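Structural characterization, general
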Amino acid sequence: MNKFFFFVSFFLLPCVSFSQLSENFSDDLFHGSDRSVEWTGDVNKFIVNEYFQLQLNASSTDSPAQLTTSLAFSRNMQWEWWMKTDFNPAASNYTEVFLCSDENNLTGEQNGLFVLIGSAQKNVCLVLSQKGKYNTTLISGTTNRLNQTSVSLRLKATLDNNGNFNLYSKLDDETDYVLEGSCSILESFDGTVFGIACYFSSTYSKAFYFDDFLVRKLESGNPEPEQEPEQRPEPELEPETELEPELEPESESESEPEVEHEPEPEVEPKPELESVPDSTLSENFFDGLFHGGTRQVEWTGDTGKFTVNGYLQLQLNASGADSPAQLKTSLAFSRNMQWEWWMKTDFNPTESNYTKVFLCSDESNLTGDPNGLFVRIGYGKKNICLIRSQKGKNNKMLIEGKEKRLDKATVALRLKAVLDGNGNFRLYSKLDDETDYVLEGNCSILESLESSVFGVVCYFSSTRSKAFYFDDFLVKDLESGNPEPEPEPKQEPDSNSNPDPDPSDIIISEILFDPPAGSAEYVEIYNNSYKVFDLRFLSFTTRKPSDGSLNKSYPLAGSETLFHPQEYLVI
């Protein structure tokens with residue numbers, strides 16, 4: 001289970017009894033009339049329906065729609081709510097419930113924590129949003145848990161005084177809550193806003209429902225027993241949203257989610273930040289520093305050539321003649337380890353402008369002649385490589401990634417490297433516009449490496465002396481020597497061929513065959529593979545009811561059009 005560590009500072013508002021927010025819309029209202037809970041935002045896009053549920057009631061072009069209310073965020077809190085969606089979640093149809101935000105506009109930039117329900121992975125996640133940064137998933141949940149034509153469930157989140165955060169869900173046909181995941185929140189942001197944001201396609205503008213919001217104090221880390229929800233009538237779809245159920249493949253690998261038989265499992269208190277478990281290094285520059293003081297991670301080297309910028313990212317801040325620039329920190333190297341980090345460069349890589357990230361080195365001077373392993377990002381082939389450096393010898397290329405993968409004016413990506421107990425090494429990358437990691441390559445590392453240094457080196461021309469950015473360094477133990485499942489590498493088609501699709505590669509995810517007046521029929525398809533298809537070589541057809549033979553087929557594109565993994569296409 002992935003674990004992330006953050007500091008969060010909290011401020012309490014006055015509250016009555018043990019409840020900071022209790023809302024069931026029993027007065028048939030959600031704003032105005034001196035209500036104890038006043039919702040603001042897109043109030044004209046929501047109603048309270050005949051079942052006393054908050055329901056989205058927007059026009060087809062109104063996405064996204066949001067409501068917010070005032071609520072201070074603190075430790076020792078528990079959040080609960082019920083919700084329903086009359087569709088199978090997709091990349092364009094999902095919900096974000098903000099447990100806290102420092103901004104009223106939940107669809108813009110804010111510092112906060114939100115639970116993501118749905119989207120392309122059809123799961124329940126906890127996500128950290130940070131101004132000027134990309135969102136970070138703290139809890140990933142179970143893929144395809146919400147893979148149903150209609151999803152009705154209860155959500156529960158708890159945060160105790162030690163920073164232990166647990167996220168649970170319970171589908172309406174389940175008896176007990178299921179633990180989606182846990183993480184530690186140990187660092188600092190303010191939040192005085194609670195709210196919901198609905199993202200929807202034109203046919204689902206009235207297909208979101210919410211009820212039974214309850215935010216209360218967590219008593220001494222032992223929440224009260226869960227109350228069974230009342231039996232609620234099923235609201236009927238509005239006529240304009242009546243659709244044929246979505247067609248989804250059955251996943252042979254999908255297993256029954258594990259059910260927690262206790263409503264709130266007991267969690268051991270987390271230790272102080274100085275001794276973070278199963279994490280050798282965790283650095284996100286939240287304190288606005290990278291050296292000095294009493295930091296857990298102390299970076300040394302060319303400290304005068306770097307800064308922590310306004311987005312709390314480590315940024316190169318050198319003069320034009322200062323190349324190369326390096327920073328390093330102490331880190332023991334061993335097997336059963338995983339390295340992750342995010343980085344960005346505001347240029348197209350060249351032989352003069354590139355980065356080395358040393359996973360290990362036996363020397364503090366990374367630009368000298370160390371024994372070690374480093375990942376090179378960029379250089380002449382604009383790719384990602386793993387290189388073995390050896391004193392007195394030429395460097396040895398162990399993994400050479402795909403050429404021109406980084407051939408862009410600006411490159412933002414995440415890197416991940418994994419070494420298991422048998423010496424199997426794998427290198428992955430994920431550009432910020434990609435959904436999944438891509439395998440750059442693998443190799444075997446069987447020799448012993450004596451090293452205690454981890455670090456970065458930036459090589460740059462005079463015009464790129466402030467164009468390197470780094471964040472979210474995480475080095476941790478690989479759980480029990482069992483690395484994460486290895487994704488298939490993405491494949492790029494050539495101009496005259498296409499990879500052979502397997503039966504589950506391309507899915508018909510939605511059909512509208514009887515549209516309202518003035519609308520059109522359509523079929524939505526989804527690329528469920530890691531393959532890239534050229535739509536010229538894919539056709540759409542139907543079968544004759546009389547004998548089952550195929551009607552005339554129609555190519556999906558007349559010119560080269562690439563259909564990438566995890567993309568949707570409406571025909």
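The structure reproduced in this document is the subject of the present report. (Residues numbered from 1 in each chain as written. Predicted model: local features only at pLDDT ≥ 70, side-chain atom pairs only at ≥ 80, totals over all residues. Heavy atoms only, no water.)

1. A look at the sheet that holds strand β33 (residues 522-527)
Spatially, the three strands line up as an open sheet ordered β32-β33-β38, and their pairing is antiparallel. Of all the strands in the sheet, the pair left with one neighbour each is β32 (506-512) and β38 (568-570). Put simply, the sheet's adjacent strands are angled 20° from each other on average, direction ignored. For β33 and β38, the ladder comprises three bridges, and the chain directions are antiparallel. The residue of β38 that forms the bridge with Ile525 is Leu569. (Pairing = 2+ DSSP bridges. Helix = DSSP H or I, 4+ residues; strand = E, 2+ residues; numbered from the N terminus. Axes fitted to C-alpha atoms, helices over the stretch in contact; angles between N-to-C directions.)

2. Quick notes on the sheet that holds strand β15 (residues 193-199)
Pairing within the open sheet is antiparallel, and its seven strands lie in the order β3-β6-β15-β8-β9-β10-β11. Among the strands making up the open sheet, the edge pair consists of β3 (40-41) and β11 (136-139). Two strands pair when backbone bridges link them, and strand β6 (residues 65-70) and β15 are joined in this way by six bridges, in the antiparallel orientation. Note on β15: the bridge partner recorded for Ser70 is Val193.

3. Considering the side chain of Glu440
Looking at the secondary structure, you find Glu440 in strand β29 (residues 438-444). In this structure the side chain of Glu440 is engaged in a polar contact, spanning 2.5 Å, whose partner is the side chain of Ser429. With residues up to four places along the chain from it excluded, the contact list for Glu440 reads Ile384, Ile399, Glu400, Gly401, Lys402, Arg405, Leu427, Tyr428 and Ser429. (Polar contact = N/O pair within 3.5 Å; in protein donor to acceptor, adjacent residues only side chain to side chain. Contact = heavy atoms within 4.5 Å.)

4. A short note on the pairing of strand β10 (residues 123-129)
Taken across its seven residues, β10 has seven buried, putting it largely inside the fold. With burial as the criterion, each face of β10 is covered, one bearing Asn123, Cys125, Val127 and Ser129 and the other bearing Val124, Leu126 and Leu128. Relative to β10, strand β9 (residues 112-118) runs antiparallel, the two sharing seven bridges. Bridged to Phe114 within β10 is Val127. As consecutive antiparallel partners, β9 and β10 are separated by four residues, and within that stretch Ser119 has a phi angle of approximately 70°, a positive value. Here β10 runs beside β11; their pairing, made up of three bridges, is antiparallel. Paired with Val127 across the bridge in β11 is Thr137. (Buried < 20%, exposed > 50% of the residue type's maximum accessible area, 1.4 Å probe, protein only.)

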